[in-house]
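Take a look at the letters that make up each chain.
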Amino acid sequence: MSFMQPSPVKYACSCGILNPINKLFFCRHCPKLRCGFCVSHEIESNFCSNCLENIPSTEARHKKNCCANCFDCPCCHHTLSPRATAVPVVRKSEESKDKDKEGESGADSSPATPSTKPSALPTTKKMYYLSCLSCRWTTRDVGIPDQGVATGTWPDNESLYQARFNTLMEYYQSLVLQEKQEKQEFQRRKAPKHNKYPSLTDRTGLTVSLIRRQIGWSDKNLSKTKPVNITPAEASAEVDDLPADIFTQPINLRSITTISQRHSQPADQPEAVNKLYPQRRSLWIKRSLRCRQCEHNLIKPEYHPTSIKYRIQLFASYHVPEVVMVRCEQPLQPGQANAILLKFTNPTMFDMTISLLETAPQEVLQQACRIKEEAVTSSPLLKATGVTLSRQNSTREIKREVLDVANAKLVPLESPFVLSQRDDSKEFDEDVQAPSEEPKFIVWRKANKVLLRLQFTPDAELKPGQLVTLGFYMQYTYVNTVSNTQDKKDPTTHALHSRIFIESGSIGN
Amino acid sequence: MEIADTYYSKDEYVETASGNKVSRHTVLCGSQNIVLNGKVIVQSGAIIRGDLANVRAGRYCVISKNSVIRPPYKQFSKGIAFFPMHIGDHVFIGEGAVVSAATIGSFVYIGKNAIIGRRCTLKDCCVIEDGAVLPPETNVSSYMRYTAKGTIEGGQGNPYFVPAAMQDEMVNYTKSFYEHFVRTPAPAS
């Protein structure tokens with residue numbers, strides 16, 4: 001069983017989507033399970049995945065979210081790598097195309113180029129071209145001259161309409177600015193005068209213009225920005241006729257670009273392969289995820305592109321007991337009693353009491369949590385920081401009911417059981433714990449792990465090949481070490497529950 | 001899902017003092033150049049070309065059946081040169097994979113029949129899908145997934161391609177793989 005394969009044990013997220021535990025997060029402040037769907041995603045940092053350079057967001061925007069040094073192949077979208085060639089300073093034909101760094105130090109070492117004059121100076125210069133190691137495309141294929149420096153000097157592919165785009169952009173930017181100014185002016189006029197002597201309370205200099213206006217002078221600092229005029233685009237019905245040879249010339253498909261090649265070069269969308277141009281590599285992001293309800297971060301990666309660490313990591317597997325399916329005792333048959341072995345692991349530093357229930361526990365505790373939530377969202381600190389930041393609005397979640405997909409009848413456990421705390425040093429202990437009085441369903445217990453036997457009966461009307469899904473509520477005690485309120489209190493204990501579905505396998509024939 | 005026990009016969013595998021389990025049915029060329037840092041499993045049919053350059057593998061690596069570990073080479077004006085290859089900790093290399101990367105970081109998963117071209121660099125916590133083919137000199141950065149289609153997806157914090165807790169997942173997986181890779185119990189009992 002590879003861990004890349006989908007897990008048979010799924011947890012219902014608080015938004016109602018089933019996920020394996022490794023895709024879930026646990027908000028300690030709510031405290032609830034969250035998945036990638038019900039959190040807000042934010043850009044933490046921009047970086048180039050090829051050269052691993054961290055690029056600040058303003059610079060990234062300036063560079064149109066592209067890396068300055070790395071290029072993608074226009075043919076196959078793989079990364080281009082620079083190749084060095086030694087070119088004699090005396091310019092001659094580019095014979096040294098086939099291999100990188102063909103040492104042509106002297107004329108005698110390259111008998112394949114008879115045109116070299118033996119009298120020419122043996123000095124060579126390193127020239128670079130870009131080559132795709134996936135499809136063997138090179139910049140020489142489209143006639144881009146070799147560069148003396150490996151990176152940075154490659155010319156941009158200026159599209160035909162670049163100037164037009166720039167003027168349009170300028171125009172609309174000034175238009176936005178103008179509208180903003182007008183709005184401000186309107187607000188200023190509308191605002192009532194607060195006192196008779198504004199100059200006494202003035203600290204900002206804004207009232208200077210007010211006084212000027214009272215005297216009857218014109219505002220001096222408000223030079224209205226006039227948008228530059230643009231020539232409006234004109235539609236024309238005249239379309240060039242098709243060239244006459246389009247019907248007579250046989251099409252050479254090798255010289256025509258594919259759709260994806262054209263789309264990767266959206267400015268000019270070339271039709272022929274000799275118009276392809278190296279594309280700047282687009283940047284990648286690191287995301288931080290934030291709980292939409294309490295606006296606390298769930299994960300926050302470290303800034304550096306090569307770092308794999310997190311500054312905040314609230315993975316569900318650190319807080320919620322993990323359920324691992326070991327095996328079913330017998331082949332699954334409809335209507336026949338069976339038992340499944342489940343391994344529970346406690347990832348926290350506190351003992352947990354777990355009970356498996358068939359129906360949802362009462363909502364009393366949930367109510368308490370909700371009140372706490374309100375307290376969090378209305379805290380002054382969050383108001384101060386949260387409002388100014390641009391982010392997706394916090395939404396009250398709409399609870400989706402998980403469809404009842406379980407199709408087996410469980411025999412409930414007689415009693416709750418205790419899952420002892422995680423202790424990393426226990427891993428090295430050899431001695432077996434003295435068997436204490438255990439409930440009958442517990443097969444073995446080792447450190448923070450418990451293997452238990454859960455009896456169930458698949459529904460009688462299941463057909464061969466159908467999946468048997470077990471569903472239950474796992475109620476567990478969770479000790480929360482973060483306190484939402486200002487005064488430091490002892491850790492609070494919650495009784496949380498999450499719904500778990502296990503695909504135990506399919507009915508045998 | 002719990003990993004099922006994999007059994008091996010006592011005659012087939014050699015266990016070293018540091019816990020490496022190496023099959024006898026492997027081709028380890030230039031074994032003095034191969035360093036396995038402990039608790040590494042090398043399964044039957046694997047080929048490690050230590051004769052070309054040094055190969056170092058960190059702790060808890062799994063080199064599956066029929067995979068080929070071959071140090072990368074670079075072409076120069078005067079012939080070619082081979083470069084040493086470093087593999088980090090907790091790396092899983094799937095069955096039939098051909099790897100000639102320059103460096104492989106820690107917590108990397110390489111799927112079945114993947115082909116890693118020469119001088120690729122795989123950073124920590126990346127995933128190579130089953131059957132993916134990496135052209136030479138490809139860089140796969142952390143938390144990226146190289147798909148069988150040849151695209152790179154993911155990024156740190158993106159929960160859909162590489163699990164956010166990739167480090168813990170790989171540690172758990174390789175450790176439990178090692179623990180469940182056990183000798184066949186003696187038939188006498």
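All residue numbers refer to positions counted from 1 along the written sequence of the respective chain. Whichever chain is written first is A, and whichever ligand is written first is 1; the rest continue in order. Totals for whole chains, interfaces and linings use all residues, but because this is a predicted model, local features are given only for residues with pLDDT of at least 70 and pairs of side-chain atoms are given and counted only at 80 or more.

The name an unreviewed UniProt entry gives chain B is Dynactin subunit 5, with Drosophila busckii as the organism. UniProt positions are given in the numbering used here, feature names are shortened, and annotations may be inferred rather than shown by experiment. Per UniProt, chain B carries the Sequence similarities (unreviewed entry) text "Belongs to the dynactin subunits 5/6 family. Dynactin subunit 5 subfamily." Regarding chain B, the relevant UniProt record gives this comment under Subcellular location (unreviewed entry): "Cytoplasm, Cytoskeleton".

In the nomenclature of an unreviewed UniProt entry, chain A is known as Dynactin subunit 4 of Drosophila busckii. UniProt lists a comment for chain A under the heading Sequence similarities (unreviewed entry), and it reads "Belongs to the dynactin subunit 4 family."

A separate point is the overall build of chain A. Scanning chain A from terminus to terminus reveals 7 helices and 22 strands. Working definition of burial: number of other C-beta atoms within 10 Å of the residue's own, with buried at 20 or more, exposed at 12 or fewer, and partly exposed in between, all C-beta atoms being placed from the backbone. Across the 509 residues that make up chain A, the buried fraction comes to 23%. Intrachain contacts of chain A at a sequence separation of at least 6 include 67% that bridge at least 24 residues. Helix numbering and strand numbering both begin at the N terminus, where a helix is a DSSP run of H or I of at least 4 residues and a strand a DSSP run of E of at least 2. Think of it this way: build a C-beta for each residue from its backbone, and any pair within 7 Å is a contact.

This paragraph deals with the overall build of chain B. Secondary structure summary: chain B contains 1 helix and 25 strands in total. In summary, chain B has a C-alpha radius of gyration of 17 Å against a globular reference of 16 Å for 189 residues, a match within 12%. Considered along the principal axes of its C-alpha atoms, chain B spans approximately 60 × 45 × 25 Å. Taken over 189 residues, chain B has a buried fraction of 50%. Sequence-distant contacts, at least 24 apart, represent 28% of the contacts inside chain B between residues at least 6 apart. Within these notes, the globule rule equals 2.2 Å times the number of residues to the 0.38 power, and the radius of gyration is based on C-alpha atoms.

Moving on: the nonpolar core. By definition, a nonpolar core groups buried Ala, Val, Leu, Ile, Met, Phe, Trp, Tyr and Cys residues that connect through C-beta atoms lying within 7 Å of each other. Grouped together as the largest cluster of nonpolar side chains are 96 residues, with contacts concentrated most on A:Leu24, A:Phe25 and B:Ile110. The contacts of A:Leu24, once residues within four sequence positions are left out, are A:Tyr11, A:Cys13, A:Asn19, A:Leu33, A:Arg34, A:Cys35 and A:Ala316. A:Ala60, A:Leu130, A:Trp154 and A:Leu276 belong to the second largest nonpolar core, which has 20 residues in total.

Attention now goes to the interface of chain A and chain B. By convention, interface size is frequently given as the accessible area that disappears when the constituent parts associate. Taken together, the contact between chain A and chain B spans 38 residues of the former and 33 residues of the latter. Where the side of chain A that touches chain B is concerned, the elements lending two or more residues are strand 11 (284-291), strand 12 (297-301) and strand 14 (322-328) of chain A. Of the residues forming the side of chain A that touches chain B, the biggest block, 6 residues, is contributed by strand 11 of chain A. Residues are grouped as follows: Ala, Val, Leu, Ile, Met, Phe, Trp, Tyr, Cys and Pro are nonpolar; Asp, Glu, Lys and Arg are charged; every other residue, Gly included, is polar. Grouping the constituent residues of the side of chain A that touches chain B by class yields 17 nonpolar, 13 polar and 8 charged.

Residues and elements named next belong to chain A. As for its position among the elements, aspartate 245 is in the loop between helix 4 (206-215) and helix 5 (259-263). Note on aspartate 245: 7 C-beta atoms within 10 Å, which makes it exposed. Between the C-alpha atoms of aspartate 245 and cysteine 67, which are 178 residues apart in sequence, the distance is 41 Å.

So, about the sheet that holds strand 2 (residues 18-19) of chain A. All names here are of chain A. Strands are labelled as partners when DSSP assigns at least two bridges between them. Pairing within the open sheet is antiparallel, and its 6 strands lie in the order 2-1-22-21-16-18. Among the strands making up the open sheet, the edge pair consists of strand 2 and strand 18 (417-419). Looking at chain direction, strand 1 (residues 9-12) and strand 22 (residues 492-506) are connected through 3 bridges and run antiparallel. What sits directly across from lysine 10, in strand 22, is phenylalanine 501.

Turning next to helix 2 (residues 162-190) of chain A. Taking 1.5 Å per residue as the helical rise, helix 2 of chain A with its 29 residues ought to reach 42 Å, and the 42 Å between its terminal C-alpha atoms agrees with that figure. For helix 2 of chain A, the buried fraction is low: 0 of the 29 residues fall into the buried class. Expected helix span is given by 1.5 Å per residue-to-residue step, counting one fewer step than there are residues.

Take helix 1 (residues 166-179) of chain B next. Residues and elements named next belong to chain B. Under the 1.5 Å per step criterion, the end-to-end length of helix 1 is 20 Å for 14 residues, consistent within 8% with the ideal 20 Å. Those residues of helix 1 not exposed but buried are Met166, Gln167, Glu169, Met170, Tyr173, Thr174 and Phe177. Down the axis of helix 1, the buried side of the element spans an arc of 165 degrees, and every buried residue falls inside it. Contacts made by the buried residues of helix 1 are with strand 9 (62-63), strand 14 (92-93), strand 17 (109-110) and strand 25 (181-183). It is the directions from the helix axis to the C-beta atoms that the arc portrays.

Spatial strand order, 6-5-11-12-13 (chain A): 5 strands in an open sheet with antiparallel pairing. A single partner strand is all that each edge strand has here, and the edge strands are strand 6 (54-55) and strand 13 (310-313) of chain A.

With that settled, consider unusual backbone geometry. Despite not being glycine, A:Glu295 shows a phi value in the positive range, around 60 degrees. Relative to the helices and strands, A:Glu295 is located in the loop between strand 11 and strand 12. On the basis of neighbour count, A:Glu295 is assigned to the partly exposed category, with 17 C-beta atoms found within 10 Å. Positioned with a positive phi, B:Asn66 is a non-glycine residue whose angle comes to about 60 degrees. For B:Asn66, the position within the fold is in the loop between strand 9 and strand 10 (68-69).

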